[in-house]
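Listed here are the chains, written in short residue letters.
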Amino acid sequence: MKRVLLSWSSGKDSAWALHMLRRNPTVEVVGLLTTLNSEFDRVAMHGTRRTVLEAQAAAAGLPLWIVPLPWPCTNAIYEQRMAEACARAVCEKVDAIAFGDLFLADVRAYRERQLAPTGLEPLFPLWEISTDALAREMIAGGLRARLTCVDTRQLPSGFVGLDFDAALLDELPASVDPCGERGEFHTCVYAGPMFSAPLALRAGEVVERDGFTYADFE
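Conventions used here
Residues numbered from 1 in each chain as written. Predicted model: local features only at pLDDT ≥ 70, side-chain atom pairs only at ≥ 80, totals over all residues. Heavy atoms only, no water. Pairing = 2+ DSSP bridges. Helix = DSSP H or I, 4+ residues; strand = E, 2+ residues; numbered from the N terminus. Right-handed = clockwise from strand over helix to strand, strands pointing away. Buried < 20%, exposed > 50% of the residue type's maximum accessible area, 1.4 Å probe, protein only. Lys, Arg positive; Asp, Glu negative; His and termini not counted. Salt bridge = Lys/Arg side-chain N within 4 Å of Asp/Glu carboxyl O. Contact = heavy atoms within 4.5 Å. Axes fitted to C-alpha atoms, helices over the stretch in contact; angles between N-to-C directions. Parallel < 35°, antiparallel > 145°, perpendicular 65-115°, else oblique. Left-handed = near helix turned anticlockwise from the far one by under 90°. Nonpolar A, V, L, I, M, F, W, Y, C, P; charged D, E, K, R; others polar.

Asks: Go over the pairing of strand 1 (residues 2-7), please, and point to the residues and values.
Replies: Here strand 1 runs beside strand 2 (residues 27-37); their pairing, made up of 6 bridges, is parallel. Within the sheet, the bridge partner assigned to Val 4 lies in strand 2 and is Val 29. Viewed along the sheet, the connection from strand 1 through helix 1 (residues 12-22) into strand 2 turns out right-handed. Pairing geometry for strand 1 and strand 5 (residues 96-98), over 3 bridges, is parallel. Residue Leu 5 lies in a different strand from strand 5, and its bridge partner there is Ile 97.

Asks: Explain the side chain of Asp 177 to me, and be specific about the residues and the numbers.
Replies: Along the chain, Asp 177 falls in the loop between helix 6 (166-171) and strand 8 (185-191). Among buried charged residues, Asp 177 stands out as having no salt bridge; its nearest opposite-charge side chain is Arg 182, 4.4 Å away. With near-sequence residues (within four places) excluded, Asp 177 lies in contact with Phe 103, Thr 131, Leu 172, Arg 182, Glu 184 and Phe 185.

Asks: Talk me through the packing of helix 3 (residues 75-91) against helix 4 (residues 105-115); I want residue IDs and the actual numbers.
Replies: Viewed as axis vectors pointing N to C, helix 3 and helix 4 meet at an angle of 55°, and their least axial separation amounts to 11 Å. Comparing their axes, helix 4 and helix 3 come out oblique. Our pair here, helix 3 against helix 4, has a crossing hand that is right-handed. Counting all contacts with helix 3, which are made through Asn 75, Tyr 78, Glu 79 and Cys 86, the residues of helix 4 involved are Tyr 110, Gln 114 and Leu 115. Its residues placed into classes, the contact of helix 3 with helix 4 shows 4 nonpolar, 2 polar and 1 charged.

Asks: Talk me through the pattern of salt bridges; I want residue IDs and the actual numbers.
Replies: Applying the stated rule across the entire model yields 14 salt bridges. Notably, a salt bridge pairs Asp 41 with Arg 50, separated by 3.6 Å at the nearest N-O pair. For Arg 50, a relative accessible area of 29% gives the class partly exposed. Asp 132 is paired through a salt bridge with Arg 136; the nearest N and O atoms lie 3.3 Å apart. A residue pair is termed a helical-turn pair when its members lie 3 or 4 positions apart in one helix, as Asp 132 and Arg 136 do in helix 5 (residues 131-140) at 4 residues. Arg 136 sits in the partly exposed class, given a relative accessible area of 34%. Among the ionic contacts, a cluster of salt bridges with common partners joins Asp 41, Arg 50 and Glu 54.

Asks: Go over helix 1 with me, naming the residues and quoting the values.
Replies: Within helix 1, 9 of the 11 residues are buried, which leaves it mostly tucked inside the rest of the structure. Contacts from the buried residues of helix 1 go to strand 1, strand 2, helix 2 (50-60), strand 5, helix 5 and strand 8.

Structure below.
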């Protein structure tokens, strides 16, 4: 079987990628690879607390491979830390790294370019699935998530903290991708077929910073 690390953002796309990978009999997912902002002890962009991240990994039954990043973090430091994680993966007989990317070709090309020298195969199990169909498939399949971050230049701040469900999809402006693939919003998954049991998320404060609105959960 192909030993695969999954790039884990704590959000719906990486969670559904895990579900899809586990349905593939030729693949064994051996861990969740996550970058963590060391200053705030949270997943970058999504703002997910480390405690929630650890609860997700426990519910998924997989070890976390945490890549600590300073804040602020230059691209050079990011690439150095990721290269170190890839070197560890090669030493531990990992064959591939999977990503939950959907259709952004430049992002995919960057990942492929960065992995090329390592010998690790890049996998994209959700690639070019219609995002409207994918979003509704996730919801119908039992995935449950909350919006943790909203880019207020693309989506009203009132959407932050809401459940990612059919009602939300129906309310999204036409300019917003149903999966938020262009960064319109980010999510935190708390239940689904990739977890052994749901997480009990407790809502905290809502903060506006640098053009984004964040909802805290613990």
